[in-house]
Number of protein chains: 2
Amino acid sequence: MRTHYCGLVDEALIGQTVTLCGWVDVARNLGGLCFVDLRDHEGIVQIVAEPSDAEGNAEVLATAAHLHYEDCLRVTGVVRARHAINDRIRTGKVEVVATRIEVLNKAEPLPFHAHENPGEDIRLKYRYLDLRRPEMQRMMRTRIRLVQALRRWLDARGFQDIETPILTKATPEGARDFLVPARMHPGEFYALPQSPQLFKQILMMAGFDRYYQIARCFRDEALRADRQLEFTQLDMEFAWVSERDVQDTVEAMIRDVFREVIGVELADPFPRMTYAEAMRRFGSDKPDLRIVLELTDIAELVKGCEFKVFADWANAADGRVVALRAPGGAQFSRKQIDDYAAYAARFGAKGLAWMKVEDAAKGREGISSPIAKFLDDATLDAILRATHANTGDAIFFGAASYKVASDFMGALRLKLGKDLGLVEDGWKPLWVTDFPMFEWDEEAGRFVALHHPFTAPAVDDIDDLRANAATAVSRGYDMVLNGNEIGGGSIRIHRSDMQSAVFDLLGIGREEAELKFGFLLEALRYGAPPHGGIAFGIDRIAALMAGTESIRDVIAFPKTTTAQCLMTGAPSPIPDEQLAEVHVQVRPKT
Amino acid sequence: MRTHYCGLVDEALIGQTVTLCGWVDVARNLGGLCFVDLRDHEGIVQIVAEPSDAEGNAEVLATAAHLHYEDCLRVTGVVRARHAINDRIRTGKVEVVATRIEVLNKAEPLPFHAHENPGEDIRLKYRYLDLRRPEMQRMMRTRIRLVQALRRWLDARGFQDIETPILTKATPEGARDFLVPARMHPGEFYALPQSPQLFKQILMMAGFDRYYQIARCFRDEALRADRQLEFTQLDMEFAWVSERDVQDTVEAMIRDVFREVIGVELADPFPRMTYAEAMRRFGSDKPDLRIVLELTDIAELVKGCEFKVFADWANAADGRVVALRAPGGAQFSRKQIDDYAAYAARFGAKGLAWMKVEDAAKGREGISSPIAKFLDDATLDAILRATHANTGDAIFFGAASYKVASDFMGALRLKLGKDLGLVEDGWKPLWVTDFPMFEWDEEAGRFVALHHPFTAPAVDDIDDLRANAATAVSRGYDMVLNGNEIGGGSIRIHRSDMQSAVFDLLGIGREEAELKFGFLLEALRYGAPPHGGIAFGIDRIAALMAGTESIRDVIAFPKTTTAQCLMTGAPSPIPDEQLAEVHVQVRPKT
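Keep in mind that what you see is a predicted model, and the values were worked out from it rather than measured.

1. A short note on the environment of A:E230
- Relative to the assigned elements, A:E230 resides in strand β10 (residues 230–239).
- Judged by relative accessible area, A:E230 falls into the buried class, the value being 9%.
- Through-space distance from the C-alpha of A:E230 to that of A:G487 is 17 Å; in sequence the pair is 257 residues apart.
- Residue contacts for A:E230: discarding those within four places in its chain leaves A:R216, A:C217, A:F218, A:K559, B:P165, B:I166 and B:L167.
- A polar contact is formed between the side chain of A:E230 and the side chain of A:R216, at a distance of 2.9 Å.
- Reaching out from A:E230, the side chain makes a polar contact with the side chain of A:K559 at a distance of 3.4 Å.

What follows is the structure, given as structure tokens:
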């Protein structure tokens, strides 16, 4: 239907007749002379309808005079050089003098037009109009190029793209499953996969060696600000490997893909950090290394101090007392400090002690703080030295259990970094390794898996693992970029006895394990090779590359935070007869 | 963990030390001398454990003496030339003399081993063992290469790979939807997509120009012999195109991909045939052109004959009387003919008239047939001439409504072709075009869409379509290969008024249309471009390329015909508390 794309008409075509298809981006009628910006996915070109002796000219002028935003056109015309060059667009040196304008489809008055950026609900309802905007096209295209680059990289290296089922078996761990009633099996259900984890492990046992899949995964969780019910991961698994084989391979892949898609050169090699170090220095297992601020442990300095909260947590076995210097923070108003305390409270803080260093040379006299009176001079001095605090700085203090103190001080570190303009430009990837195997769930009174129950422990000996479960380290690893966990993986358990022991430690009884993971335990008995892998969050990586905060900008048809598709109206009620066919009914409200 | 793949060890490595990982394919202990065939995804190599002075030799021999099928090993050894060359395997000129054998994982006695081909239920339950078989590896690899080749082809031509939602809105047409209860919206449900049809059309309206996706689709239908609940299609859509743009592009793609993946050169161009011609000559809209037999219409010859069934249907407005020559069929026994009649009955035949031509030169005397007595000499002669029947042939006759007669005679044609060895080798692709827009559903008393309700009619004029709905032709097209519909598509309706008119003709009321397709009708009002596309069945194409009848051979984890995954045990019962969270309950049996 066309000879060229609008956005690619250039000086080489001057004098030639072209046929273009696209939408009316802007139409100006100057009375007998009309200008139309015609837009397709490649860009915009200016169409001119002007009086001439040519046959059909009257019709061209009449059509051009009555165009509206987003009318869908086919235009034939002659390319000529433009008098008023427009440097902002690629086609800005030329224009097309129309000899024929065909309106393929009129557009009614729009709910909003392409130059606006209305509320997200409107954008999602009229997603087809929203996606026409060049900025959305750019972001979506970044995602498309990311996935293309990943596939090309993996295909070239012998990874095999294998599809795993979407209708599968319910699993008990982690987030909640979506359930699908089975018509042929009354009272039974399929579940949508939270990830292809077990299938990819089975593929290694099936002899596939190196697997990948751009896999759709599903989690029926309340949607946080930036979670979707369904999301996409690059899922990978390798047979006969150790941690470094996996890490070195995918690190090279990520580096190559960032270079190819957005021209960014990531560190080579990525820095590496244990979980313990990340928590200690940054209060997070996904530290944003663009922010140079670090936490300082001061428990040793305040064990004997009179400030009870500090002394108690400093002496508690699982306590942590930690300080964070805020450069220039002596300028904070009382209100600002209260706001930071409120912010820390959202992450579990019961209170947030602080200190302003108004003049470091003056000792206690130069310090403004509600808690200074509980600390002796030597302690005050030691704190300033430990935190490298100087005149003009503030110091915030967290005292709580190790986990809680780390969480809220880690969150405060990010917030201060942003507020104080201390986020460096650029890209800071790293590996976080040596995660704990288990976390103790106080409420449930049992261990839960920090990665997932198929992650191998660092020790090979089952008795050793049982005896030291609380401190056991796993063979899991995360890839972190600018404070986002973009990938997570592990070496898996490949022995049936070890897998049973781990289920046991996680409080998954023999019967339950057999019922839910029987096929895995059985498969491990028939010569399962050592194997491991990783999964990357495609939505998040695409958003980072596209420079947007919201993954919804890189998903063609995202759902809202209330799990709805505003365009199609999903979810929706279903007639009872249709539910009867799949043997379920809506539960009466209780 | 290894230096080389087992299947790739060759003479270039003679004298070198290699480390290999794999499974014990066969282990033979000849008393102090052991041979092990070690297998990985690339193939098999022979390992030798023999007495020597080397350190650790006793351990190597002891380990080698106690190996079993599918034990998982790491072997280090020296490559040497083999005395008894094995020509059947790639590594047959070498062997590896083991200096170290590490058992990474023992295998328990197997339910079956890799050299057997047990019943499909056992294969599906122990899918990981089944997939280790080289034949399964070969078939799965064919699929992987097919998808890779398609993607590479499309990426190189600017098609954009865009994901569409899996959790979407229930649609009313075609096969049944899988339903997913929505936790955040009590009493409401998502549906799994039967195809991304509407999303891809919306993407064209959103300015994406050329889209593709290797898309998972879902149909909750009773599983026929060779259908899966979930299946994979290459889904494509183009903006600003006509039929030939789509057809020429994808025809070139299929030709290139067949050449690349299995070295087959398909016809260039593909033959083209209208729906009417395909039904007339082959009784099928997906004719297998490898079979040269064709149907012969004889209604004109039997309109006045005494055989009432023939005469009635020959004179009926929608009747068809059709003959099919079976070369050499004069040899059929009575039992064989009865079997063919029973076969035709499965496709709707009420009876199957026949004629054996024992001697064509003898006229009526040379013909053996229960119906010959109802036909005069001229008619008999005319039938022989029309069907080109000769001495030794049989002729089968179908008389029924056009559709029923075509169906069972088309099926009989395929069966006879196979039974008589008249299926040519090779690959016979074609396009079938000019489908009817609607079929009249006698039971429902209304039209149904032959493709789907978004397919454009050949006429642009709504009044014309309304006036001639029964004979209206659509802009749909199918790609057929060796009797399989491997792809189907159409130019879509891009005007809101035409879409409403088609819904209307299909008996979808205004309110229902608004409720279910309101977003489509609305999107068509804002400058929707002309667009069209196609979808290819990846499972079927992969099976054809791999040379297997069953698509289950090219799906890693298929379900049975009773919709179960025998490996994981899906579907399965779900505790009532978990159902309560998504606001449904199992329906009591009635």
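2. So, the environment of A:Y275
Residue and element names in this part refer to chain A.
- Along the chain, Y275 turns up in helix α7 (residues 275–282).
- Separated by 179 residues in sequence, Y275 and F454 have C-alpha atoms that sit 19 Å apart.
- Excluding residues within four positions of it along the chain, Y275 makes contact with D285, V432, T433, D434, F435, P436 and L450.

3. Topic: the UniProt feature "binding site: L-aspartate" (unreviewed entry) in chain A
Residue and element names in this part refer to chain A.
- Residues annotated in UniProt with the feature "binding site: L-aspartate" (unreviewed entry) correspond here to E173, R219, H451 and R492.
- Residue position: R219 is located in the loop between β9 (210–218) and β10.
- Note on R219: relative accessible area 26%, which makes it partly exposed.
- As for its placement among the helices and strands, H451 is situated in the loop between β19 (446–449) and α13 (462–467).
- Not counting the four nearest positions on each side in its chain, H451 is found in contact with F435, G476, Y477, D478 and G489.
- In terms of polar contacts, H451 uses its side chain to reach the side chain of D478, at 3.1 Å.

4. Considering the relation of the copies chain B and chain A
- At an RMSD of 0.1 Å, chain B and chain A line up after a rotation of 180 degrees and a shift of 0.0 Å along the axis. Here the transformation between the copies is reduced to the relation of a two-fold axis. The position closest to the rotation axis in chain B is occupied by the C-alpha of B:V180, lying 2.5 Å away.
- An overlap of 100% is found between the interface residues of chain B and their copies at the interface of chain A, pointing to a shared contact surface.

5. Points about the pattern of salt bridges
- One pass over the full model with this rule turns up 114 salt bridges over all chains.
- For B:D25, the salt bridge identified is with B:R39, shortest N-O distance 2.7 Å. Taken together, the residues B:D25 in strand β1 (residues 17–29) and B:R39 in strand β2 (residues 34–40) connect sequence positions 14 residues apart.
- A salt bridge links B:R255 to B:E251, with the nearest nitrogen and oxygen atoms 2.8 Å apart. Taken together, the positions of B:R255 and B:E251, both in helix α6 (residues 243–262) and four residues apart, correspond to about one turn of that helix.
- Linked by salt bridges that have partners in common, A:R143, A:R216, A:E230, A:D539, A:K559 and B:E163 make up one network.

6. Focus on the nonpolar core
- Core analysis: the biggest nonpolar cluster contains 218 residues, and A:M236, A:M253, B:M236 and B:M253 have the highest contact counts within it.
- With residues near it in sequence (within four places) discarded, A:M253 still touches A:L150, A:W153, A:L154, A:L234, A:M236 and A:F536.
- Grouped together as the second largest cluster of nonpolar side chains are 24 residues, B:I298, B:V302, B:F307 and B:A389 included.

7. Observations regarding the packing of helix α5 (residues 197–205) of chain B against helix α15 (residues 510–523) of chain B
All names here are of chain B.
- Interaxial distance between α5 and α15 falls to 10 Å at its minimum, and their mutual angle equals 20 degrees. Comparing their axes, α15 and α5 come out roughly parallel. The handedness of the crossing between α5 and α15 comes out as left-handed. Residues L198, Q201, I202 and M205 of α5 lie in contact with α15, whose contacting residues are F517, F519, L520 and A523.
- Here the contact of α5 with α15 is composed, by residue class, of seven nonpolar, one polar and no charged.

Basis of the calculations
- In this numbering scheme, every chain counts its residues from 1 along its sequence in written order.
- A letter from A marks each chain and a number from 1 marks each ligand, given out in the order of writing.
- With the structure being a predicted model, the display of local features is reserved for residues of pLDDT at least 70 and the display and counting of side-chain atom pairs for 80 or more, all residues being used for whole-chain, interface and lining totals.
- As a rule here, side-chain values come from all non-hydrogen atoms in the structure, and water together with hydrogens is ignored.
- Only DSSP runs of H or I covering at least 4 residues are called helices, and only runs of E covering at least 2 are called strands; the numbering of each starts at the N terminus.
- Exposure is judged per residue with a 1.4 Å probe applied to protein chains only, and the accessible area is read against the type maximum: over 50% gives exposed, under 20% gives buried, and values in between give partly exposed.
- Any two residues whose heavy atoms approach within 4.5 Å at even a single point are treated as in contact.
- Identification of polar contacts relies on pairs of N or O atoms within 3.5 Å, with a donor-acceptor requirement for protein atoms, meaning one able to donate a hydrogen and the other able to accept it, and with residues adjacent in sequence counted only if both atoms are side-chain atoms.
- UniProt positions are given in the numbering used here, feature names are shortened, and annotations may be inferred rather than shown by experiment.
- Alignment of copies: least-squares fit on C-alpha atoms of residues with pLDDT of at least 70 in both copies.
- For this document, the term salt bridge refers to a Lys or Arg side-chain nitrogen within 4 Å of an Asp or Glu carboxyl oxygen.
- The term nonpolar core refers to a set of buried residues drawn from Ala, Val, Leu, Ile, Met, Phe, Trp, Tyr and Cys, joined through side-chain atoms within 4.5 Å.
- Geometry is summarised by axes, namely lines fitted to C-alpha atoms with helices restricted to the contacting stretch, and by angles between N-to-C directions that run from 0 to 180 degrees.
- Throughout, the term roughly parallel applies to angles under 35 degrees, roughly antiparallel to angles over 145, roughly perpendicular to angles from 65 to 115, and oblique to all others.
- Definitions for this section: a left-handed crossing has its near helix turned counterclockwise from the far helix by less than a right angle. A right-handed crossing has that turn clockwise.
- The residue classification treats Ala, Val, Leu, Ile, Met, Phe, Trp, Tyr, Cys and Pro as nonpolar and Asp, Glu, Lys and Arg as charged. All others, Gly included, are polar.

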